[in-house]
Amino acid sequence: MTDQLTGSAGFKYLDGEYHCENIPLTDLVEEHGSPLYVYSKNHMLNQLHKYQQVFSQQDSLVCFAVKSNSNLAVLQLLAEAGAGFDIVSGGELERVLKVGADPGKIVYSGVGKTAAEQRRALEAGIYQFNVESIPEIEQLQRLAAELQTEARVAIRVNPAVDAKTHAKITTGKKENKFGIPFPEVESVANSIARSKNLKFTGLHFHIGSQITDQQPFERLARKARDLIRSLREHRIEVETLNLGGGLGVCYDDEETISPERWWEIISPYLADLDLKFIVEPGRFITANAGALITRVIYVKKSVTHNFIVVDAGMNTLIRPAMYDAFHEIVPVIPRNNDPVNADVVGPVCETGDYFGKGRELPEPRPDDPLAVMSAGAYGSCMASNYNSFRRPAEVLVDDRTAYLIRERDTYEDIWCKEKMIDN
Ligand code: LLP
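Everything quoted here is computed from the prediction, not taken from an experiment.

1. So, the environment of Ser267
Phase 1 of the analysis: For Ser267, the position within the fold is in helix H10 (residues 259-270).
Phase 2 of the analysis: Put simply, Ser267 and Ser40 are 227 residues apart on the chain and 31 Å apart in space, counted from C-alpha to C-alpha.

Below is the structure:
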């Protein structure tokens, strides 16, 4: 099974019907309702394995970026397969601890860590804090002193490298809020090294997400090498180099870079520096492992435009509305009729609520399920109850077995924390 899926997204047509691994999607949507997130377990494992292979001969940590898909079963699966975790909040820390992740494989990034969050991470004994500002370092020193412990600290560097990706997911440019500017790294590293309860471990870079151009990675590797050499010349030891995530995946017809190729591009600059490498892939592992299944409510035709109105919306998958992202949309059972050119839209009262514009699809009928592809990363975890729609169920498929890994909300779930005022 695993071999058969290598390199594929785990979704395919079998006997005219779209399947996840070896289960027809219609069966899943009938059982669990629509909309529904469906994931291929073996695709996720294969993708993780590609990263692990790159580093199989050296000291390294492959830390899954929890933000891309934080379902407990997904985290559990990846932890069992040897992944560490890249977290950005106290909530993500609680999630990974809940699935039994090894704290010695957790790295913690983020520009706004609160004292309570840092304290909990110190108590858990995480591997490394990726710090992003001087006030953050001061707060961490205070807390580590209080707890009589030592925190391992890497500096997240803002390398002023343009990742050439969508403006909302680029993070390594000078004007972005992330990281400590290049020229300040040496003095900040010195002050960490002088702090009694902090240990300076190394550097962290993450320049953006969905990167399909190899040049930014090469520029980053060159800059990282120069910085490490210069720090070492000034007697600052650099033990770890965290290269972040960011590898793009194929949503449409993009040419992408495999982890193997990525390493070929950057290793000439870095391999001989005697470093422990850390990576934080998110999208690469989960994006193409997932699809959002949604049923057609109506086909609405007007003189100028056709609309396929479906029961999922921007509340279920926000990427098209937020980043103009392209997601392939396919019929689960294609009808043998003339294609219609239509916008595929959701029921939310916002003009931005769409999944695709001007798509050619065999004209569907009400209730037909469609699959919105590549929805496994930044899909369910960014979903909301906007317009009081229920968040969907999630299912993880392993060959012919499906596991319900999140139940669909009830209406009660939507408002259960709200209080009416007693008069
Ligand atoms: N490490 C850090 C510090 C990050 O900020 C991110 C993503 C990652 C790793 C993982 O990046 P990946 O391998 O997934 O590209 N919601 C947006 C993406 C936001 C990415 C935020 N940071 C989207 O749907 O495209």
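2. Here we look at the pairing of strand S11 (residues 198-204)
Phase 1 of the analysis: Among the 7 residues of S11, 6 are classified as buried, and the element is accordingly described as predominantly covered.
Phase 2 of the analysis: In this structure, strand S9 (residues 151-158) lies alongside S11, joined through 6 bridges in parallel fashion. Pairing of Arg156 across the sheet is with His204, part of S11.
Phase 3 of the analysis: Handedness of the S11-helix H9 (residues 214-233)-strand S12 (residues 240-242) crossover: right-handed.

3. Digging into the packing of aromatic side chains
Phase 1 of the analysis: One pass over the full model with this rule turns up 11 aromatic pairs.
Phase 2 of the analysis: When the ring of Phe55 is compared with that of Trp262, the centres are 6.2 Å apart and the planes differ by 75°; the resulting orientation is edge-to-face. Remark: Trp262 occurs in helix H10 and Phe55 occurs in the loop between helix H3 (41-54) and strand S5 (60-65); sequence separation between them is 207 residues. Across the pair, exposure class does not vary: Phe55 and Trp262 are buried alike.
Phase 3 of the analysis: Aromatic side chains Phe55 and Trp263 sit 5.2 Å apart centroid to centroid with 65° between the ring planes, which places their arrangement in the edge-to-face category.

4. Describing the domain arrangement of the chain
Phase 1 of the analysis: By the assigned domains, the chain splits into domain 1 (11-40 + 287-415) and domain 2 (109-281).
Phase 2 of the analysis: Counting each side, the surface lost to burial between domain 1 and domain 2 is near 770 Å², with a carbon and sulfur contribution of 53%.
Phase 3 of the analysis: At the junction of domain 1 with domain 2, the criterion picks out 0 salt bridges.
Phase 4 of the analysis: If you look at where domain 1 meets domain 2, you find 1 residue pair in polar contact (both at pLDDT 80 or more).
Phase 5 of the analysis: Grouping the constituent residues of the side of domain 1 that touches domain 2 by class yields 5 nonpolar, 3 polar and 3 charged.

5. Some details on the packing of helix H5 (residues 90-98) against helix H6 (residues 115-124)
Phase 1 of the analysis: Between H5 and H6, the least distance of the axes is 9 Å, while the angle of their chain directions is 25°. Considering their axes alone, H5 and H6 lie roughly parallel with respect to each other. As for how H5 packs across H6, the hand of that crossing is left-handed. Seen from H5, the contacting residues are Gly90, Leu93, Glu94 and Leu97; seen from H6, they are Glu117, Arg120, Ala121 and Ala124.
Phase 2 of the analysis: Among the residues making up the contact of H5 with H6, the classes are represented as 4 nonpolar, 1 polar and 3 charged.

6. Notes on the pattern of salt bridges
Phase 1 of the analysis: Using the criterion set out here, one finds 15 salt bridges in the structure.
Phase 2 of the analysis: With a closest N to O distance of 3.2 Å, Asp398 and Lys41 form a salt bridge. With Asp398 in strand S20 (residues 393-398) and Lys41 in helix H3, this pair connects stretches of sequence that are 357 residues apart. We note that Asp398, like Lys41, is buried.
Phase 3 of the analysis: Taking the shortest distance from any N to any O, the salt bridge between Arg222 and Glu218 comes out at 3.9 Å. Of this pair, Arg222 and Glu218 both sit in helix H9, 4 residues apart, which is roughly one turn of that helix.
Phase 4 of the analysis: The class for Arg222 is partly exposed, based on a relative accessible area of 36%.

What counts, and at which threshold
Residues numbered from 1 in each chain as written. Predicted model: local features only at pLDDT ≥ 70, side-chain atom pairs only at ≥ 80, totals over all residues. Heavy atoms only, no water. Helix = DSSP H or I, 4+ residues; strand = E, 2+ residues; numbered from the N terminus. Buried < 20%, exposed > 50% of the residue type's maximum accessible area, 1.4 Å probe, protein only. Pairing = 2+ DSSP bridges. Right-handed = clockwise from strand over helix to strand, strands pointing away. Phe/Tyr/Trp six-rings, centres within 6.5 Å; stacked < 30°, edge-to-face > 60°. Domains from an automatic or database assignment. Buried area = accessible area lost by both parts, 1.4 Å probe. Salt bridge = Lys/Arg side-chain N within 4 Å of Asp/Glu carboxyl O. Polar contact = N/O pair within 3.5 Å; in protein donor to acceptor, adjacent residues only side chain to side chain. Nonpolar A, V, L, I, M, F, W, Y, C, P; charged D, E, K, R; others polar. Axes fitted to C-alpha atoms, helices over the stretch in contact; angles between N-to-C directions. Parallel < 35°, antiparallel > 145°, perpendicular 65-115°, else oblique. Left-handed = near helix turned anticlockwise from the far one by under 90°. Contact = heavy atoms within 4.5 Å.

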